[in-house]
Amino acid sequence: MNMKRTIIIVVIIGMFGWAIYDFVVKSDDPATSKESDQSEDTETIGLEVGNVAPDFELETLEGEMVKLSDYRGERVMVNFWATWCPPCRAEIPDMQKFHEKTDIQILAINLTDTESDKDKVPTFVKNFGMTFKVLMDESSEVANQYQIQPIPTSYMIDSNGVIQFKAMGAMNYDSMVREFEKMN
């Protein structure tokens, strides 16, 4: 018992010492402190709020090729969904209403790779009255790029291509509008 206690104390002291050393070295290193003071000219591409959303190109149900970067200058909601997903089914009517009542561009990325039959997607879109762009991610390339875990997952992207909000799970109409109004 005494040996375990000694090992735990040594590990804690070592971790504490490393944290202090790491803090002192990084705050003295001019190269490291410049990283935290990134200028606004430098665009960081990533998946977190404040990052520029990674670009992608997918085909719509109608066969049109669509790139996220084509929508620079417009506010965009990128939503990952599937026909078999109950929260996605619940969210889609609110997304349709949101699309109709605001000037947002919605890119609804179907995780086609997860569908039991991709031919069901057009019927689903018609039955739910989806009039926004539905993109087909047949190889899960974009889902992997965006590290999608739960679905639905949505990104609210401002007119500069910067992620302003990320929702992991279904959103309702009011939350969509609230986040839309915060964006430029």
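Above this text is the structure in question.
Residues numbered from 1 in each chain as written. Predicted model: local features only at pLDDT ≥ 70, side-chain atom pairs only at ≥ 80, totals over all residues. Heavy atoms only, no water.

### Focus on the state of the cysteines
Scanning the entire structure with this criterion turns up one disulfide. Covalent S-S linkage joins Cys85 and Cys88, the inter-sulfur distance amounting to 2.5 Å. Taking the sign of the S-S torsion, about 80° here, the bridge from Cys85 to Cys88 comes out right-handed. Here Cys85 matches Cys88 in class, with each residue buried. (Disulfide = S-S within 2.5 Å. Buried < 20%, exposed > 50% of the residue type's maximum accessible area, 1.4 Å probe, protein only.)

### Side note on the pattern of salt bridges
Applying the stated criterion across every chain yields a total of five salt bridges. A salt bridge links Lys133 to Glu64; the nearest nitrogen and oxygen atoms lie 3.2 Å apart. A residue pair is termed long-range when its members are at least 10 positions apart, and Lys133 in strand 5 (residues 133–136) and Glu64 in the loop between strand 1 (57–60) and strand 2 (65–67) qualify at 69 residues. Of the charged contacts in the structure, one is a salt bridge between Lys182 and Glu179, with a shortest N-O distance of 3.2 Å. (Salt bridge = Lys/Arg side-chain N within 4 Å of Asp/Glu carboxyl O. Helix = DSSP H or I, 4+ residues; strand = E, 2+ residues; numbered from the N terminus.)

### Remarks on the sheet that holds strand 3 (residues 76–81)
Within a beta sheet, neighbouring strands are joined by backbone hydrogen bonds and run either parallel or antiparallel to one another. Taken in spatial order, the seven strands of this open sheet run 2-1-5-4-3-6-7, and their pairing is mixed. In the strand order of this sheet, the two ends are held by strand 2 and strand 7 (163–168), each with one partner. Each adjacent strand pair in this sheet contributes to an overall mean axis angle of 30°, direction not counted. When strand 4 (residues 105–110) meets strand 5, the two strands line up parallel, connected through four bridges. Each residue of the ladder has a partner; that of Ala108, found in strand 5, is Val134. Together, strand 3, strand 4 and strand 5 form the strand contacts of helix 4 (residues 120–127), whose direction differs from that of strand 3 by roughly 125°. (Pairing = 2+ DSSP bridges. Axes fitted to C-alpha atoms, helices over the stretch in contact; angles between N-to-C directions. Contact = heavy atoms within 4.5 Å.)

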